[in-house]
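The lines below spell out each chain.
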Amino acid sequence: MAQFLKWGLRISIAGLLLLSVIGLIPGPWWLELFVHFRLQYLLALLLLLPLAWKLRDRVCLQAWSLALGFNLMFLAPFYWGGAQGTKDGRVLLCNVLSSNPTPARVVEFLEKEQADVVVLLEVTPSWMPLLEAPMARYPGQIARPRQDNFGMLVLSRQPWDNVRIVDEQVFPLIFAETRLGSKKIHLVAAHPPPPISAEASAIRNLQLQQIKAQAGQATVLMGDLNNTPW
């Protein structure tokens, strides 16, 4: 029984290590899908630790430590550290969910937060009348509602300047300028498609490259990028 547990544990840890690494290998688009679940791999490794410790299997413990350290290398920076900046205003991003059965909660949320710049995703034409009350407080408005899940509404307490919309008929990518407190900012609002096919993955990657080319020190990027940083 102990031998069976040992080999089962070795296979499980080896599998988690393989899953942790395989998403970083250049290749077909679907390999990337394995990279989005580092937190889940980490939790699975923690669940296996008591068994690995009880069996005192050196191979298991070494592989476990390697897999844990590899995933922590990507996850830790999001929970520890980070620069402290100054507060010039408040920005808010909300995916309203096009099929949301309780739109009043979204409106209540917007009224409560009173952000200076707002980006709303999945805005359909039927959402526009529901958002009239919060929209009235924002002179700067860029509205691109759509029947699918890629409509956007971008609001600012200051007028928008130099508005540019890329790929409007496909997956719109909005570039615009406004003021946030005492600073002029360059806003990018984006909602590229999820990487569920080779074509969708290529479109998303192209939009990320377009964003990168436009990004500067005063750029505020807001959106659902259908991506994880690693």
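Summarised in this report is the structure supplied together with it.

Calculation rules
- Within each chain, residues carry numbers counting from 1 in the order of the written sequence.
- Only residues with pLDDT of 70 or above have their local features reported here, since the model is predicted, and side-chain atom pairs are shown and tallied only from 80 upward, although totals for entire chains, interfaces and linings are computed over all residues.
- Side-chain descriptors were evaluated using all non-hydrogen atoms of the structure, hydrogens and water having been removed beforehand.
- Two strands form a pair only when DSSP identifies at least two bridges running between them.
- By definition, any uninterrupted DSSP run of H or I lasting at least four residues is a helix, any uninterrupted run of E lasting at least two residues is a strand, and each is numbered from the N terminus.
- Here the axes come from fitting lines to C-alpha atoms, over the contacting stretch only for helices, and the angles between their N-to-C directions go from 0 to 180 degrees.
- Pairs of residues are marked as contacts when any of their non-hydrogen atoms sit within 4.5 Å.
- Any angle from 65 to 115 degrees is called roughly perpendicular, while one under 35 is roughly parallel, one over 145 is roughly antiparallel, and all others are oblique.
- Note: crossing handedness is left-handed where the near helix turns anticlockwise from the far helix by less than a right angle, and right-handed where it turns clockwise.
- Charged means Asp, Glu, Lys or Arg here, nonpolar means Ala, Val, Leu, Ile, Met, Phe, Trp, Tyr, Cys or Pro, and polar covers whatever is left, Gly included.
- Salt bridge criterion: a side-chain nitrogen from Lys or Arg within 4 Å of a carboxyl oxygen from Asp or Glu.
- Side-chain rings of Phe, Tyr and Trp (the six-membered ring for Trp) are treated as a pair once their centres are within 6.5 Å; stacked means planes under 30 degrees apart, edge-to-face means over 60, and tilted covers the remaining angles.
- Exposed residues in this analysis have more than 50% of their type's maximum accessible area, buried residues have under 20%, and partly exposed residues fall in between, with area computed by a 1.4 Å probe over protein chains only.
- Two conditions define a charge sitting above a ring: the NZ of Lys or the CZ of Arg must be within 6 Å of the ring centre, and it must be within 35 degrees of the ring normal.

## Considering the sheet that holds strand 2 (residues 117-121)
Read across the sheet, four strands follow the order 1-2-4-3 without closing on themselves; strand pairing throughout is mixed. The two strands at the open ends of the sheet, each matched to only one other strand, are strand 1 (91-95) and strand 3 (140-144). On average, each strand axis in the sheet is inclined to that of its neighbour by 5°, with strand direction left out of account. Pairing between strand 2 and strand 4 (residues 152-156): five bridges, direction antiparallel. Counted as the bridge partner of Val118 is Leu155 from strand 4. Across the sheet, helix 4 (residues 103-113) lies against strand 1 and strand 2, angled at about 175° from strand 1, the strand it touches most.

## A closer look at the packing of helix 2 (residues 38-55) against helix 3 (residues 58-75)
Direction vectors running N to C along helix 2 and helix 3 enclose 155°, while the axes themselves pass 10 Å from each other. One element, helix 2, and the other, helix 3, form an angle in the roughly antiparallel class. Of the two possible hands of crossing, helix 2 and helix 3 adopt the one that is left-handed. Residues Arg38, Leu39, Tyr41, Leu42, Leu45, Leu46, Leu49, Ala52 and Trp53 of helix 2 touch helix 3, and the partners they reach there are Leu61, Trp64, Ala67, Leu68, Phe70, Asn71, Leu72, Phe74 and Leu75. A per-class count over the contact of helix 2 with helix 3 returns 16 nonpolar, one polar and one charged.

## Looking at the pattern of salt bridges
Inspection of the entire model under this criterion finds seven salt bridges. For Arg204, the salt bridge goes to Glu32, with nearest N and O atoms at 2.7 Å. Separated by 172 residues along the polypeptide, Arg204 in helix 6 (residues 198-214) and Glu32 in the loop between helix 1 (2-22) and helix 2 bring together distant segments of the chain.

## Some thoughts on the packing of aromatic side chains
All told, the structure shown has two aromatic pairs when counted by the stated rule. Measuring from ring centre to ring centre gives 5.3 Å for Phe70 and Phe74, while their planes differ by 70°; the resulting arrangement is edge-to-face. Taken as a pair, Phe70 and Phe74 lie in helix 3 at a separation of four residues, close to a single helical turn. There is no split in this pair, since Phe70 and Phe74 are both buried. Pairing Phe150 with Phe171 gives two aromatic rings, centres 4.7 Å apart and planes at 80°, and the pair type is edge-to-face. With Phe150 in the loop between strand 3 and strand 4 and Phe171 in the loop between strand 5 (161-166) and strand 6 (173-180), this residue pair connects regions lying 21 residues apart in the sequence. Grouping residues by exposure puts Phe150 and Phe171 together as buried. It is Arg164 that lies over the ring of Phe175; its NZ or CZ is 4.6 Å from the centre.

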